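So you can see what is in the structure, the chains are spelled out below.
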Amino acid sequence: MNFKKLSVLFCSLLALTSVMAVSAAETETVSETEAASEEESTASGADEETEYPITIQHAYGETVIESKPERIATVGWENQDTPLALGIAPVGVSAANYGMVTENNLHPWTDEAFQELGVDAPNVFDDVDGLDFEAISDCDPDVILASYSGLTQEDYDTLSQIAPVIPYKENAWQTTWRDQTIENAEGMGMKAEGEAKVAEVEQLIQDKLADYPDLKGTKTAFCWINADDLSSFYIYLPSADPRAAYLLDLGLELPESVTRLAGDSTDFSITVSRENADQFSDVDMIVAYGDETLLDALQQDELMSQIPAVKNGAVALIDSTTALAGAATPSILSIPAEIDDYLSLLSAAQEKIK
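Residues numbered from 1 in each chain as written. Predicted model: local features only at pLDDT ≥ 70, side-chain atom pairs only at ≥ 80, totals over all residues. Heavy atoms only, no water.

A. Inspection of the overall build of the protein chain at higher detail. Of the regular secondary structure elements, the protein chain holds 13 helices and 12 strands. Out of the 354 residues belonging to the protein chain, those deemed buried represent 44%. Of all intrachain contacts in the protein chain linking residues separated by at least 6 positions in sequence, the fraction that spans at least 24 positions is 69%. Working note: accessible area of the protein chain is about 17,700 Å², and carbon and sulfur atoms make up 47% of it. (Helix = DSSP H or I, 4+ residues; strand = E, 2+ residues; numbered from the N terminus. Buried < 20%, exposed > 50% of the residue type's maximum accessible area, 1.4 Å probe, protein only. Contact = heavy atoms within 4.5 Å. Areas by Shrake-Rupley, 256 points an atom, 1.4 Å probe, with all protein chains shown as cover.)

B. Examining the nonpolar core more closely. Ile205, Phe222, Leu250, Val287, Ile318, Tyr342 and Leu346 are the most contacted members of the largest nonpolar core, which has 39 residues in total. Considering each element in turn, this core owes the most residues, 6 residues, to helix H13 (residues 334-350). Beyond its immediate sequence surroundings of up to four residues, tyrosine 342 is in contact with Phe222, Tyr246, Leu247, Leu250, Val287, Ile318, Leu324 and Ala328. Listed in part, the 25 residues of the second largest apolar core include Ile225, Val258, Val315 and Leu317. (Core = buried A, V, L, I, M, F, W, Y, C linked by side-chain atoms within 4.5 Å.)

C. Molecular detail of the sheet that holds strand E11 (residues 285-289). Pairing within the open sheet is mixed, and its 5 strands lie in the order E10-E9-E8-E11-E12. Two strands close off the open sheet at either side, each with one partner strand: strand E10 (269-273) and strand E12 (315-318). Averaged over all adjacent pairs, the angle separating strand axes in this sheet is 30 degrees, with direction ignored. Where helix H10 (residues 292-300) meets the sheet, its contacts fall on strand E8 (220-226), strand E9 (229-236), E11 and E12, and the angle it forms with E12 comes to roughly 145 degrees. In the packing of H13 onto the sheet, contacts are made with E8, E11 and E12, and the angle to E12 comes to roughly 145 degrees. (Pairing = 2+ DSSP bridges. Axes fitted to C-alpha atoms, helices over the stretch in contact; angles between N-to-C directions.)

D. Geometry of a negative patch on the surface. Taken together, the side chains of Asp291, Glu292, Asp296 and Asp319 present a region of like negative charge at the surface. Residue placement: glutamate 292 occurs in helix H10. Assessed through its relative accessible area of 49%, glutamate 292 is described here as partly exposed. (Patch = residues over 30% accessible without salt bridge, like charges linked within 9 Å, V, L, I, M, F, W, Y side chains within 5 Å. Salt bridge = Lys/Arg side-chain N within 4 Å of Asp/Glu carboxyl O. Lys, Arg positive; Asp, Glu negative; His and termini not counted. Charge placed at Lys NZ, Arg CZ, Asp CG, Glu CD.)

E. Here's a closer look at unusual backbone geometry. Between tyrosine 52 and proline 53 the backbone carries a cis peptide bond, its omega angle lying at 5 degrees. By the element assignment, proline 53 lies in the loop between helix H1 (11-45) and strand E1 (54-58). Despite not being glycine, glutamate 78 has its phi angle at roughly 60 degrees, a positive value. Owing to a relative accessible area of 4%, glutamate 78 belongs among the buried residues under this scheme. The backbone of asparagine 105 shows a phi angle near 60 degrees, a positive value even though the residue is not glycine. Position of asparagine 105 relative to the elements: it lies in the loop between strand E4 (93-94) and helix H3 (108-116).

F. Fine view of the packing of aromatic side chains. Across all of its chains, the model carries 10 aromatic pairs by this definition. Judged by centre distance (5.1 Å) and plane angle (90 degrees), the rings of tyrosine 148 and tryptophan 173 are edge-to-face. Taken as a pair, tyrosine 148 in the loop between strand E6 (143-145) and helix H5 (153-160) and tryptophan 173 in the loop between strand E7 (165-166) and helix H6 (177-187) lie far apart in primary sequence, 25 residues in all. On the basis of relative accessible area, tyrosine 148 is assigned to the buried category, the value being 6%. Grouped by ring-pair contacts, the aromatic residues Tyr98, Phe222, Trp224, Tyr236, Phe268 and Tyr289 constitute a single cluster. Sitting above the plane of the tyrosine 236 ring, arginine 243 keeps its charged end 3.8 Å from the centroid. (Phe/Tyr/Trp six-rings, centres within 6.5 Å; stacked < 30°, edge-to-face > 60°. Lys NZ or Arg CZ within 6 Å of the ring centre and 35° of its normal.)

Right under this line is the structure:
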């Protein structure tokens, strides 16, 4: 509207219209503000809607959470990343035991998350050689998260004397990063927030993959191979191992030869004899922990060099001293932290496929 062309006769009408417009705009702004506030409240405090007690089924029976846990402890691999991702600093966590670690014996992304919450010296359990039950008890937790772990029945029973425990649903060390996040979040009374965080990271993965279209569908096996002993090696299975499952998230595919050999196995890996290397003619790319020493050994071996991925050098080598070595077994925090490096490494290996 061009107000300069209005007649003086309409000034009164204009004034009235302006007042009405301002009033409507203010009403709309208030409504939008209230809606945004309500949305923010829902996103950050959905746990207030959680009805207690919560009963959670798992491999060792069920755990009942009587009220909202305030003091969270975690044991096992990266379970602390769930509360940290949801803005809560655990009162005690397990030490990182593989890949690059900080002075606090944590993976870099975990330590950074603690620092962002104002915790510079987290309480870290020295439990690499076994759970430190005394240290866990001393931090006086309201709940102990262990969705991705190797808890035994004895471990579970002992920990349950300290606080309610959230172990894995079915099998030790077979929890995906999605389930780990949601199951741990449920134990905190924050299942909805956990699901939302998973959706957020899933979208991040898709956004990142847009820059690597050639990875899609690449027949890839995640292996454990010892350069000093090639007599046998291991291939991780995505049905049970989160490392292999993560490769599927990144658009890669499990070779049919691996699927066929695995059969109905429920283990997280299969053991393969070097003599059967010729069965993997459809393995275009391999992901493995190691350095160029491993690739040299594979390419010099008469049988292992028959695998196309080895022959072409299409092997994504994850140095065990790097942060990526830890992030290859993903968590809700490690994925955003290391996905760029991982995709770059995979892409470089994929480019060698002939």
